[in-house]
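Summary of structural features
Listed here are the chains, written in short residue letters.
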Amino acid sequence: MANAASGMAVHDECKLKFLELKAKRTYRFIVYKIEEKQKQVIVEKLGEPTENYEDFTKSLPADECRYAVYDFEFLTPEGVPKSRIFFIAWSPDTSRVRNKMIYASSKDRFKRELDGIQVELQATDPTEMGIDVIKSRAN
(Lines give C-alpha, C1' and ligand atoms only; values in the text may rest on other atoms or scores of the structure.)
Protein backbone atom coordinates (compact mmCIF):
# COMPACT_ATOMS: atom_id res chain seq x y z
CA MET A 1 0.00 0.00 0.00
CA ALA A 2 1.21 3.44 -0.89
CA ASN A 3 1.23 6.17 1.71
CA ALA A 4 -0.59 9.42 1.01
CA ALA A 5 0.68 12.77 2.31
CA SER A 6 -2.34 13.22 4.58
CA GLY A 7 -1.64 9.88 6.22
CA MET A 8 -4.14 8.08 3.99
CA ALA A 9 -2.92 4.85 2.48
CA VAL A 10 -4.01 3.82 -0.99
CA HIS A 11 -5.28 0.26 -1.17
CA ASP A 12 -3.57 -1.74 -3.95
CA GLU A 13 -6.96 -2.55 -5.49
CA CYS A 14 -7.36 1.17 -6.33
CA LYS A 15 -4.39 1.08 -8.69
CA LEU A 16 -5.12 -2.41 -10.06
CA LYS A 17 -8.71 -1.55 -11.02
CA PHE A 18 -7.55 1.74 -12.57
CA LEU A 19 -5.01 -0.14 -14.71
CA GLU A 20 -7.77 -2.50 -15.85
CA LEU A 21 -9.96 0.48 -16.79
CA LYS A 22 -7.07 2.16 -18.63
CA ALA A 23 -5.57 -0.83 -20.45
CA LYS A 24 -8.43 -3.27 -20.92
CA ARG A 25 -11.51 -1.00 -20.72
CA THR A 26 -12.89 -3.44 -18.13
CA TYR A 27 -14.88 -0.67 -16.41
CA ARG A 28 -16.61 2.55 -17.48
CA PHE A 29 -15.92 4.22 -14.13
CA ILE A 30 -14.53 3.70 -10.64
CA VAL A 31 -15.72 5.47 -7.50
CA TYR A 32 -13.19 5.68 -4.66
CA LYS A 33 -13.95 6.33 -1.01
CA ILE A 34 -11.73 7.24 1.94
CA GLU A 35 -12.29 4.86 4.83
CA GLU A 36 -11.52 7.16 7.76
CA LYS A 37 -11.26 4.39 10.37
CA GLN A 38 -8.77 2.41 8.28
CA LYS A 39 -7.09 5.59 6.99
CA GLN A 40 -7.05 4.39 3.41
CA VAL A 41 -8.59 5.00 0.00
CA ILE A 42 -10.63 2.03 -1.25
CA VAL A 43 -12.70 1.13 -4.32
CA GLU A 44 -16.37 1.73 -3.54
CA LYS A 45 -18.00 0.99 -6.90
CA LEU A 46 -17.01 -0.32 -10.32
CA GLY A 47 -19.12 0.70 -13.32
CA GLU A 48 -19.66 -1.89 -16.04
CA PRO A 49 -18.57 -0.95 -19.59
CA THR A 50 -22.25 -0.81 -20.62
CA GLU A 51 -23.08 1.84 -17.99
CA ASN A 52 -23.26 5.48 -19.07
CA TYR A 53 -22.49 8.89 -17.61
CA GLU A 54 -25.89 9.16 -15.94
CA ASP A 55 -25.28 5.83 -14.15
CA PHE A 56 -21.94 7.22 -13.02
CA THR A 57 -23.34 10.47 -11.60
CA LYS A 58 -26.07 8.56 -9.75
CA SER A 59 -23.39 6.52 -7.98
CA LEU A 60 -21.93 9.64 -6.29
CA PRO A 61 -23.52 10.45 -2.92
CA ALA A 62 -25.27 13.82 -2.63
CA ASP A 63 -23.68 14.74 0.70
CA GLU A 64 -20.30 12.98 0.86
CA CYS A 65 -17.02 13.50 -0.97
CA ARG A 66 -15.58 10.92 -3.36
CA TYR A 67 -12.84 10.53 -5.92
CA ALA A 68 -13.85 9.04 -9.23
CA VAL A 69 -12.39 8.06 -12.58
CA TYR A 70 -14.54 8.06 -15.71
CA ASP A 71 -13.57 6.72 -19.14
CA PHE A 72 -15.34 9.08 -21.55
CA GLU A 73 -15.63 7.90 -25.15
CA PHE A 74 -16.49 10.34 -27.92
CA LEU A 75 -16.12 11.05 -31.64
CA THR A 76 -13.83 13.80 -32.90
CA PRO A 77 -15.28 16.28 -35.44
CA GLU A 78 -13.65 14.05 -38.08
CA GLY A 79 -15.62 11.05 -36.78
CA VAL A 80 -12.65 9.32 -35.13
CA PRO A 81 -13.50 7.43 -31.90
CA LYS A 82 -11.42 8.61 -28.92
CA SER A 83 -11.52 8.41 -25.16
CA ARG A 84 -10.32 10.53 -22.25
CA ILE A 85 -9.83 9.36 -18.68
CA PHE A 86 -11.24 11.91 -16.26
CA PHE A 87 -10.31 12.21 -12.59
CA ILE A 88 -13.19 13.83 -10.71
CA ALA A 89 -12.87 15.17 -7.19
CA TRP A 90 -16.47 15.22 -5.96
CA SER A 91 -16.84 17.54 -2.98
CA PRO A 92 -20.50 18.57 -2.63
CA ASP A 93 -21.32 21.76 -0.75
CA THR A 94 -23.56 19.70 1.55
CA SER A 95 -20.75 17.44 2.81
CA ARG A 96 -19.18 17.92 6.23
CA VAL A 97 -16.21 20.30 6.48
CA ARG A 98 -14.00 17.52 7.92
CA ASN A 99 -14.93 15.27 4.99
CA LYS A 100 -13.99 18.00 2.48
CA MET A 101 -10.68 18.67 4.24
CA ILE A 102 -9.65 15.00 4.27
CA TYR A 103 -10.42 14.58 0.57
CA ALA A 104 -8.75 17.88 -0.39
CA SER A 105 -5.56 17.08 1.52
CA SER A 106 -5.28 13.56 0.03
CA LYS A 107 -6.25 14.33 -3.58
CA ASP A 108 -2.90 15.13 -5.22
CA ARG A 109 -1.09 12.19 -3.67
CA PHE A 110 -3.90 9.80 -4.59
CA LYS A 111 -4.10 11.13 -8.14
CA ARG A 112 -0.37 10.50 -8.61
CA GLU A 113 -0.99 6.81 -7.86
CA LEU A 114 -3.26 6.64 -10.91
CA ASP A 115 -0.87 6.98 -13.84
CA GLY A 116 -2.79 7.90 -16.99
CA ILE A 117 -5.29 10.53 -15.87
CA GLN A 118 -5.88 12.89 -18.80
CA VAL A 119 -8.34 15.46 -17.47
CA GLU A 120 -9.00 16.59 -13.90
CA LEU A 121 -12.29 18.05 -12.74
CA GLN A 122 -13.28 19.47 -9.36
CA ALA A 123 -17.03 19.52 -8.69
CA THR A 124 -19.07 20.83 -5.76
CA ASP A 125 -22.48 20.33 -7.36
CA PRO A 126 -23.80 18.26 -10.29
CA THR A 127 -23.82 21.19 -12.74
CA GLU A 128 -20.03 21.46 -12.47
CA MET A 129 -19.64 17.97 -13.88
CA GLY A 130 -22.55 17.76 -16.28
CA ILE A 131 -22.11 15.87 -19.55
CA ASP A 132 -21.67 19.19 -21.41
CA VAL A 133 -18.72 20.06 -19.14
CA ILE A 134 -17.20 16.62 -19.76
CA LYS A 135 -17.63 16.98 -23.53
CA SER A 136 -16.05 20.44 -23.60
CA ARG A 137 -13.06 19.31 -21.48
CA ALA A 138 -12.50 16.14 -23.53
CA ASN A 139 -11.30 17.90 -26.67
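As shown above, the structure is provided for reference.
Just so we're clear, the structure is a prediction, and the values are computed from it rather than from any experiment.

Time to look at helix α1 (residues 12-24). Since there are 3.6 residues in each turn of an α-helix, residues three or four apart along the chain are aligned in direction. Relative to the 18 Å expected for 13 residues at 1.5 Å per residue, α1 spans 18 Å between its end C-alpha atoms, a close match to the ideal helical length. Those residues of α1 lying buried are C14, K17, F18 and L21. Viewed along the axis of α1, the buried residues span an arc of 105 degrees, placing them on a single side of the element. Pointing more than 90 degrees away from the buried face of α1 are the exposed residues A23 and K24. Those residues of α1 that are buried lie in contact with β2 (9-10), β3 (29-35), β4 (40-47), β5 (66-75), β6 (81-90) and α3 (97-113). Of the residues one or two after α1, R25 is the one with positive phi, at around 55 degrees.

Although it is not a glycine, R25 sits at a positive phi angle of roughly 55 degrees. Along the chain, the position of R25 falls in the loop between α1 and β3. With a phi close to 55 degrees, K39 is a non-glycine residue in the positive phi region. Tracing the backbone shows K39 in the loop between β3 and β4.

Take T124: it is sitting in the loop between β7 (119-123) and α4 (131-138). The exposure class assigned to T124 is partly exposed, which follows from its relative accessible area of 24%. Put simply, T124 and P92 are 32 residues apart on the chain and 4.1 Å apart in space, counted from C-alpha to C-alpha. Once residues lying within four places of it in the same chain are set aside, the contact partners of T124 are W90, S91, P92 and D93.

This part takes up the nonpolar core. One finds Y32, V41, Y67, V69 and F110 to be the most contacted residues of the largest nonpolar core, which totals 21 residues. Mapped onto this core, the elements with two or more residues apiece are α1, β3, β4, β5, β6 and α3. Core analysis: the next-biggest nonpolar cluster, separate from the first, contains 18 residues, Y53, A68, Y70 and A138 among them.

With that settled, the discussion passes to α3. The first and last C-alpha atoms of α3 sit 25 Å apart over 17 residues, in line with the 24 Å expected at 1.5 Å per residue. When the local axis directions of α3 are compared, the greatest deviation, roughly 50 degrees, occurs at K107. Residues N99, I102, Y103, S106, K107, F110 and E113 constitute the buried set of α3.

This part is about the packing of aromatic side chains. If you walk through the whole model with that rule in mind, you get 12 aromatic pairs. Where Y32 meets F110, the ring centres are 4.9 Å apart and the plane angle is 70 degrees; that geometry is what we call edge-to-face. Taken together, the residues Y32 in strand β3 and F110 in helix α3 connect sequence positions 78 residues apart. Residue Y32 is classed as buried on the basis of its relative accessible area of 0%.

Rules and cut-offs
All chains use their own residue numbering, which begins from 1 and follows the written sequence. In view of the model being predicted, local features appear only for residues whose pLDDT reaches at least 70, and side-chain atom pairs are presented and counted only at 80 or more, with totals across whole chains, interfaces and linings using the full set of residues. Side-chain measures here rest on the full set of heavy atoms in the structure, leaving out hydrogens and waters. Under the DSSP-based scheme used, a helix requires at least four consecutive residues in state H or I and a strand at least two consecutive residues in state E, with every element numbered from the N terminus. Here the expected span of a helix is defined as 1.5 Å times the quantity of residues minus one. Here the term buried applies to any residue with accessible area under 20% of the maximum for its type, exposed to any over 50%, and partly exposed to those in between, with areas from a 1.4 Å probe on protein chains only. What the arc measures is the spread of directions leading from the helix axis to the C-beta atoms. When checking whether two residues touch, look at their non-hydrogen atoms; a contact exists if any pair is within 4.5 Å. We define a nonpolar core as any set of buried Ala, Val, Leu, Ile, Met, Phe, Trp, Tyr and Cys residues linked to one another through side-chain atoms lying within 4.5 Å. Fitting one axis to the seven residues ending at a residue and another to the seven starting there, the bend at that residue is the angle between the two axes. Note on aromatic pairs: the rings of Phe, Tyr and Trp (six-membered ring only in Trp) are paired at centre separations within 6.5 Å, and the planes decide the class, stacked below 30 degrees, edge-to-face beyond 60, tilted for the rest.

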